[in-house]
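Report on the structure
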Amino acid sequence: MGAWGAGSFDNDDAVDWLADLEHARDLTPIDAALAAVTGEGEPGESDASVAIAAAEVVAAIDGRPLADLPGEIVDWLASACPRPDPALTERSRAAVQRIRSSSGLKVLWGEGEPAEWYGHIEDLLRRLG
């Protein structure tokens, strides 16, 4: 994973996933991203990064977006017009909690400057309710 910061979209995996979202007119990319981290075994870095990006989109759908939300998401929200869904929000929250407690991404950030990464994760969890 190429990363240049601890933010939700500060890595290649999340940015690449945005291209999938841009072409979607439904929640399929979000559902797939969340499902990838809720199965058996510890989520890897790539799946965890994409699931965090998807959870950020869900927070934006719920009206609690990241302050510097990427333009691709703003455009997608305007064209796809998704509606808030409490079940999707809960799935997003559960996915982020799992990533925070046990994932390849947690291990990666634990080796460097974990405070900044944990700060972003805690902010996302707050915005997911």
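The residue count restarts for each chain, going from 1 along the sequence in the order it is written. At least 70 in pLDDT is required for a residue's local features to be given in this predicted model, at least 80 for side-chain atom pairs to be given and counted, and no such filter applies to totals for whole chains, interfaces and linings, which use all residues. Only heavy atoms go into the side-chain values, all of them from the structure, while hydrogens and water stay out.

Excluding glycine, residues mostly have negative phi values, and the peptide bonds linking residues are mostly trans. Even without being a glycine, Cys81 presents a positive backbone phi close to 50°. Turning to its location among the elements, Cys81 is positioned in the loop between helix H4 (71–80) and helix H5 (86–101). Put simply, DSSP marks the helices as runs of H or I at least four residues long and the strands as runs of E at least two long, and each gets a number from the N terminus on.

The next thing to look at is the packing of helix H1 (residues 12–23) against helix H2 (residues 28–35). Put simply, H1 and H2 touch, their axes get as near as 8 Å, and they point 140° apart. What the angle tells us is that H1 and H2 run oblique. Residue-level contacts link Trp17, Asp20 and Leu21 of H1 to Pro29, Ile30 and Ala33 of H2. Among the residues forming the contact of H1 with H2, the class breakdown is five nonpolar, no polar and one charged. Axis definition: a line fitted to C-alpha atoms, limited for helices to the stretch in contact. Angles are taken between N-to-C directions and run from 0 to 180 degrees. An angle counts as roughly parallel when it lies under 35 degrees, as roughly antiparallel when it exceeds 145, as roughly perpendicular when it falls between 65 and 115, and as oblique in every other case. Residue contacts are defined here by distance: any two heavy atoms, one from each residue, within 4.5 Å place the two residues in contact. Gly falls in the polar group here, along with every residue not listed as nonpolar (Ala, Val, Leu, Ile, Met, Phe, Trp, Tyr, Cys, Pro) or charged (Asp, Glu, Lys, Arg).

Positionally, Ala51 belongs in helix H3 (residues 45–61). Between the alpha carbons of Ala51 and Thr38 there is a distance of 9.8 Å; along the sequence they are 13 residues apart. In this view, Ala51 contacts Ala33, Leu34, Val37 and Ile99; residues no more than four positions away in its chain are not counted.

Our next topic: the pattern of salt bridges. Salt bridges are counted wherever a side-chain nitrogen of Lys or Arg sits within 4 Å of a carboxyl oxygen of Asp or Glu. Counted under the stated rule, the structure contains six salt bridges. Between Glu56 and Arg127 there is a salt bridge whose closest N-O contact spans 2.9 Å. Taken together, the residues Glu56 in helix H3 and Arg127 in helix H7 (residues 114–127) connect sequence positions 71 residues apart. Categorising residues by exposure relies on relative accessible area from a 1.4 Å probe, with only protein chains included: less than 20% of the type maximum marks a residue as buried, more than 50% marks it as exposed, and the intermediate range marks it as partly exposed. For Arg127, a relative accessible area of 10% corresponds to the buried category. Put simply, Glu56, Asp123, Arg126 and Arg127 are held in one network by salt bridges that share partners.

That is the geometry; function is a separate question.
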